[in-house]
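Spelled out from the first residue to the last, the chains are:
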Amino acid sequence: MADDLYTRYLAADRTWRAHRSGCSTCTDRTHCKTGAPLYEAFARLQDAYLQRQKKR
C-alpha cells in the first residue's frame with residue numbers, strides 16, 4: 001500500500017511545480033495569490049514527511 005503522506009507530498013510538489021513553470025509572477029521567494037497556497041501546502045506536507053522520516 002502506498003504511503004498516503006508521501007503520495008500527497010509528491011502530488012503537492014507536482015502541482016506547485018506545474019503552477020510555477022507557467023507563472024511569471026512566482027519566484028523562489030515570492031508567490032502570487034494563486035501560487036501562495038499551493039506552495040504552502042507543498043511546504044507543509046514536505047515538513048511533515050521529513051519530520052516523520054527523522055523519527056524512523
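Placed above this text is the structure.
Notes on the structure follow.

**Focus on the pattern of salt bridges**
According to the stated counting rule, one finds three salt bridges in the structure shown. The partner of D3 in a salt bridge is R52, and the shortest N-O contact between them spans 2.1 Å. With a gap of 49 residues between them, D3 in the segment before α1 (4–22) and R52 in helix α2 (residues 35–55) connect regions that are remote in the sequence. Overall, the relative accessible area of 27% leaves D3 in the partly exposed class. Close ionic contact of R17 with D13 constitutes a salt bridge, the shortest N to O distance being 2.9 Å. On the criterion of helical spacing, the pair formed by R17 and D13 is a turn pair, its members being four residues apart in helix α1. On the basis of relative accessibility, which here comes to 55%, the residue R17 falls in the exposed class.

**Quick word on α1**
Within an α-helix, residues lying three or four positions from one another point in the same direction, as the helix has 3.6 residues per turn. The terminal C-alpha atoms of α1, which comprises 19 residues, lie 27 Å apart, in line with the 27 Å expected from a rise of 1.5 Å per residue. Turning to α1, the residues buried within the fold contact α2.

**Some words on the packing of aromatic side chains**
Summed over the entire model, instances satisfying the criterion amount to six aromatic pairs. Measuring from centroid to centroid gives 6.3 Å for Y6 and Y9, while their planes differ by 65°, and the two rings are edge-to-face. One end of the pair is Y6 and the other is Y9, both in helix α1 and three residues apart, which spans about a single turn. Y9 gets classed as buried once you look at its relative accessible area, which sits at 15%. Through a chain of ring-to-ring contacts, three or more aromatic side chains come together here, namely Y6, Y9, W16, Y39, F42 and Y49.

Each value, and the rule that gives it
- Residues numbered from 1 in each chain as written.
- Predicted model: local features only at pLDDT ≥ 70, side-chain atom pairs only at ≥ 80, totals over all residues.
- Heavy atoms only, no water.
- Salt bridge = Lys/Arg side-chain N within 4 Å of Asp/Glu carboxyl O.
- Helix = DSSP H or I, 4+ residues; strand = E, 2+ residues; numbered from the N terminus.
- Buried < 20%, exposed > 50% of the residue type's maximum accessible area, 1.4 Å probe, protein only.
- Expected span 1.5 Å × (residues − 1).
- Contact = heavy atoms within 4.5 Å.
- Phe/Tyr/Trp six-rings, centres within 6.5 Å; stacked < 30°, edge-to-face > 60°.

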